[in-house]
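Architecture at a glance
Now for the letters of each chain:
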Amino acid sequence: MPIDHVILNVSDFARSKAFYEQTLEPLGYGIVMQFGEGAGFGREGKPDFWVTHRGEPTVAHVAFAAPDHATVDRFYAAAMAAGGEDNGAPGLRPHYHESYYAAFVHDPDGNNIEAVCHTPE
């Protein structure tokens, strides 16, 4: 059964909301729901990734599927422009599997955010 949604607790809601709005746009994600200091990002009206300010910040690894290598590249560029910290520039990661093309960034709270394409190009 697929995961319905993931929530990251963040230290600064406005900063994280702005970071994810810019970073996830190349993946087709946008804010589809918001309640106070909680924003749900998703596609086609379904929020499956949330950032919220409640309790201690989360430190996690979240990987978003990308349809192609160019989208991974755009994700990385958008994340860096939004203030993300490099944790692995776009490229093949053959130690995972021969077609694993990904990029990794740390968000403002240190979460490891990834975009990955499994399709060979």
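See above for the structure.
Below: a short report on this structure.

Thresholds, definitions, all that
Residues numbered from 1 in each chain as written. Predicted model: local features only at pLDDT ≥ 70, side-chain atom pairs only at ≥ 80, totals over all residues. Heavy atoms only, no water. Pairing = 2+ DSSP bridges. Helix = DSSP H or I, 4+ residues; strand = E, 2+ residues; numbered from the N terminus. Axes fitted to C-alpha atoms, helices over the stretch in contact; angles between N-to-C directions. Contact = heavy atoms within 4.5 Å. Phe/Tyr/Trp six-rings, centres within 6.5 Å; stacked < 30°, edge-to-face > 60°. Buried < 20%, exposed > 50% of the residue type's maximum accessible area, 1.4 Å probe, protein only. Core = buried A, V, L, I, M, F, W, Y, C linked by side-chain atoms within 4.5 Å. Salt bridge = Lys/Arg side-chain N within 4 Å of Asp/Glu carboxyl O. Expected span 1.5 Å × (residues − 1). Arc of directions from axis to C-beta. Polar contact = N/O pair within 3.5 Å; in protein donor to acceptor, adjacent residues only side chain to side chain. Parallel < 35°, antiparallel > 145°, perpendicular 65-115°, else oblique. Left-handed = near helix turned anticlockwise from the far one by under 90°. Nonpolar A, V, L, I, M, F, W, Y, C, P; charged D, E, K, R; others polar.

1. Here's the deal with the sheet that holds strand S4 (residues 46-52)
Strand order in the open sheet made by the four strands is S1-S4-S3-S2, with mixed pairing throughout. In this open sheet, the two strands that pair with only one neighbour each are strand S1 (6-9) and strand S2 (30-35). When the angles between neighbouring strand axes are averaged without regard to direction, this sheet yields 25 degrees. Contacting S1, S2, strand S3 (38-43) and S4, helix H1 (residues 13-24) crosses the sheet at an angle of about 10 degrees to S3.

2. Quick notes on the packing of aromatic side chains
Going through the model one piece at a time under the given rule, you end up with eight aromatic pairs. Measuring from centroid to centroid gives 5.0 Å for Phe19 and Tyr20, while their planes differ by 85 degrees, and the two rings are edge-to-face. For the pair shown, Phe19 and Tyr20 are each scored as buried. Ring geometry for Phe49 versus Phe64: centroids 5.1 Å apart, planes at 80 degrees, classification edge-to-face.

3. As for the nonpolar core
Tyr20, Phe49 and Val51 are the most contacted members of the largest nonpolar core, which has 25 residues in total. When contributions to this core are tallied by element, the ones reaching two or more residues are H1, S3, S4, strand S5 (61-65), helix H2 (69-81), strand S8 (101-106) and strand S9 (112-117). Residue contacts for Tyr20: discarding those within four places in its chain leaves Leu8, Glu25, Phe41, Phe49, Val51, Asp107, Asn111 and Ile113.

4. Here's the deal with the pattern of salt bridges
Oppositely charged side chains can pair when the atoms bearing their charge come close. In this structure the tally under the stated criterion is two salt bridges. Here Asp4 ties to Lys46 by a salt bridge, and the two come within 3.3 Å at their closest N and O atoms. Pair noted here: Asp4 is in the segment before S1 and Lys46 is in strand S4, with a separation of 42 residues, a long-range link. Residues Asp109 and Arg15 are paired through a salt bridge, measuring 3.8 Å at the closest nitrogen-oxygen approach. With Asp109 in the loop between S8 and S9 and Arg15 in helix H1, this pair connects stretches of sequence that are 94 residues apart.

5. Digging into H1
Along its twelve residues, H1 runs 16 Å from first to last C-alpha, staying within 8% of the 16 Å computed at 1.5 Å per residue. Every buried residue belonging to H1 is among Phe13, Ser16, Phe19, Tyr20, Thr23 and Leu24, and all of these are buried. Along the axis of H1, the buried positions cluster into a sector of 130 degrees, meaning they face one direction only. The backbone nitrogen of Ala14 has a side-chain oxygen 3.3 Å away, supplied by the residue at the start of H1, namely Asp12.

6. Considerations on the packing of H1 against H2
Between H1 and H2, whose axes approach to 7 Å, the crossing angle comes to 155 degrees. Classified by the angle between their axes, H1 and H2 sit roughly antiparallel to one another. Seen from above, H1 lies across H2 with right-handed handedness. Touching Phe19, Gln22 and Thr23 of H1 are Phe75, Ala78, Ala79 and Ala81, all from H2. Tallied by class, residues from the contact of H1 with H2 come to five nonpolar, two polar and no charged.

These figures come from the coordinates and say nothing about function on their own.
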